[in-house]
Amino acid sequence: MKHYVIVAILIILGTILVHNGLGSLGLLPRQASLQAVSIDSLFNIHLWFISFLFSLIVGFLAYSLVVFRRRKGETGDGVYITGNNTLEILWTIIPLATVIFIAYLGGQSLADILRIDPSAMVVKVIAGQWFWKFQYPDYGFSTDKLYLPANKQIDLQMTSLDVIHSFWVPEFRVKQDLVPGRTTDLRITPIMVGEYKVRCAELCGDKHAYMEAAVYVISQDDFDKWAAQQKASAPADPVLRGEQLAQQNGCANCHSTDGSKGRGPTWRRLADSKVTLSDGSTVTADQTYLTNSISNPKSQIVSGFSANIMPNFANVLDQTEVAALVAYIQSLK
Ligand code: CUA
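A brief look at the structure comes next.

What counts, and where the lines are drawn
- Residues numbered from 1 in each chain as written.
- Predicted model: local features only at pLDDT ≥ 70, side-chain atom pairs only at ≥ 80, totals over all residues.
- Heavy atoms only, no water.
- Pairing = 2+ DSSP bridges.
- Helix = DSSP H or I, 4+ residues; strand = E, 2+ residues; numbered from the N terminus.
- Buried < 20%, exposed > 50% of the residue type's maximum accessible area, 1.4 Å probe, protein only.
- Axes fitted to C-alpha atoms, helices over the stretch in contact; angles between N-to-C directions.
- Phe/Tyr/Trp six-rings, centres within 6.5 Å; stacked < 30°, edge-to-face > 60°.
- Lys NZ or Arg CZ within 6 Å of the ring centre and 35° of its normal.
- Polar contact = N/O pair within 3.5 Å; in protein donor to acceptor, adjacent residues only side chain to side chain.
- Contact = heavy atoms within 4.5 Å.

Remarks on the pairing of strand β6 (residues 165-168)
- For β6 and strand β7 (residues 175-178), the ladder comprises four bridges, and the chain directions are antiparallel. Bridging across to β7, F167 finds its partner in Q176.
- A loop of six residues connects β6 with β7, the two strands running antiparallel in sequence, and R173 in this loop sits at a positive phi of about 70°.
- Here β6 pairs with strand β9 (residues 194-200) via two bridges, running antiparallel. Bridged to W168 within β9 is R199.

What follows is the structure, given as C-alpha cells:
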C-alpha cells in the first residue's frame, strides 16, 4: 500500500510539472477568435491527459527500477504472474470511457465552432493561383486585404477559380478548403484587434508558399470608417479602376504590363494587335476579344499558352468591372 501512495504522489506531481512545462513552451499562437477559445480549451484538456499518461507510465517504471531493483545477494527469479482480471477490466474500461468523454468534448467544441449567428457579416472569399480576393456584398466593393470588425461573426463564403486552396489564419485556429465549383463556409468571430496573415494551407502550385494576404481586425467604428473610405475611393475613371481591379484580382501574377512573357500573354501593346490562336487562326485584340478573354477564356486560347491556366472571371467581376479592366488593358499601348 505504501508503494502505491508514493507512486500516486509522484504521478500527481509529474502530471502538474509536465503540463506546466509544455504550457510554458508557447505551443499556440495568439488567441484571436471566439472559435480559438473553444479549440484551445480542448487542446489544454489533451495536454492534461498527455501529461497524466506520461507520468503514469514513467512514474511506475522509474519507481520500480529504483525500489525493486536486484540487490546484492539476491539470486532468485521474480514472482511469476499469470494474469490479473481486475487490472485487465480496469485498463479496458477506463481508456474506453476516457475516449468517449473526449469525443463528447470534441463534439461540443465542434458545435461551438459551427454555431451560426444570424447577424453575421458575409464576406466572399475567392482564391486563385495565386491570390486572395475578398468581396463585401453588403458594401459593394472588393479588396485584396481582409478587413474584419472585431466581436462580430463573419461568414466567409469561399470558392476557388482553379485548384483547391485552403484558408488558414493560425490565430483564428479554424481552417477550411476552397474548392472549385463549390462554396464552402467558414465562421470566424475575431475578438482581438490586430494584424494577421491568411496563408494557403493546400499545396496549389509554384507559388503556393507565397499565397498570403494581410488580415486586419479593427473595431466596428474603424471598420465603418474604412468601408466608407473604400467605397469613396473606387476611381470613377475606368482606366484607374481597371488598374485597381487588376491588382485586386491577381492578374499581374500571369500578365505583365512591361512586355515580358509570363504564364499568360503580356498586356503591353496587346490591344488592337494581331493575336494568333492555338487553332492557327488570327484575331484582332479588340474590345470584344478582350472581354471574351476575361469572361470566357477557354474559348480563345493564344498560341503557345496553356488552356487550363486562365480562370473564368464571369462570376467574379460584374460587367462594369470587366469593361474597366478592358479599358485599362487598352491604355497599355
Ligand atoms: Cu493556394 Cu496553396
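Next comes the rest of the write-up.
Some remarks on the pairing of β9
- Of the two faces of β9, only the one carrying G194, Y196, V198 and C200 is buried; E195, K197 and R199 on the other face are not.
- Relative to strand β10 (residues 212-218), β9 runs antiparallel, the two being bridged by six bridges. Following the sheet pairing, R199 is matched in β10 by E212.

Looking at the sheet that holds strand β5 (residues 154-160)
- Here we have five strands laid out as an open sheet, ordered β3-β2-β1-β5-β8, and mixed in their pairing. Pairing within the sheet leaves two strands with one partner each, and these edge strands are β3 (141-143) and β8 (184-188). Strand-to-strand twist in this sheet, taken as the mean axis angle between neighbours without regard to direction, amounts to 25°.
- Pairing geometry for strand β1 (residues 121-128) and strand β2 (residues 131-136), over five bridges, is antiparallel. Among the inter-strand pairings, G128 is bridged to a residue of β2, identified as F131.

Quick notes on the packing of aromatic side chains
- Enumeration according to the criterion identifies 14 aromatic pairs in this entry.
- Aromatic pair F131 and F313: ring centres 6.5 Å apart, planes at 20°, arrangement stacked. Remark: F313 occurs in the loop between α6 (287-295) and α7 (319-331) and F131 occurs in strand β2; sequence separation between them is 182 residues.
- Take F131: its relative accessible area is 7%, and that puts it in the buried class.
- Aromatic pair F141 and W226: ring centres 5.4 Å apart, planes at 80°, arrangement edge-to-face. Remark: W226 occurs in helix α4 (residues 220-233) and F141 occurs in strand β3; sequence separation between them is 85 residues.
- A relative accessible area of 10% means that F141 is categorised as buried.
- Taken together, the ring pairs connect Y136, Y139, F141, Y147, Y216, F223 and W226 into an aromatic cluster.
- A cation over an aromatic ring shows up here: K175 above the ring of W168, its NZ or CZ 5.4 Å from the ring centre.

What to know about the side chain of R187
- Relative to the elements of secondary structure, R187 occurs in strand β8.
- Judged by its relative accessible area of 14%, R187 falls in the buried class.
- At 3.3 Å, the side chain of R187 and the side chain of D155 are in polar contact.
- Filtering out sequence-adjacent residues up to four positions away, R187 remains in contact with Q35, I113, L114, R115, I116, D117, A120, Q153, I154, D155 and V174.

Here's the deal with the environment of E195
- One can find E195 in strand β9.
- Considered as a pair, E195 and Y216 are 21 residues apart in the sequence and their alpha carbons are 4.8 Å apart.
- With sequence-adjacent residues up to four places away left out, E195 is seen in contact with R30, V215 and Y216.

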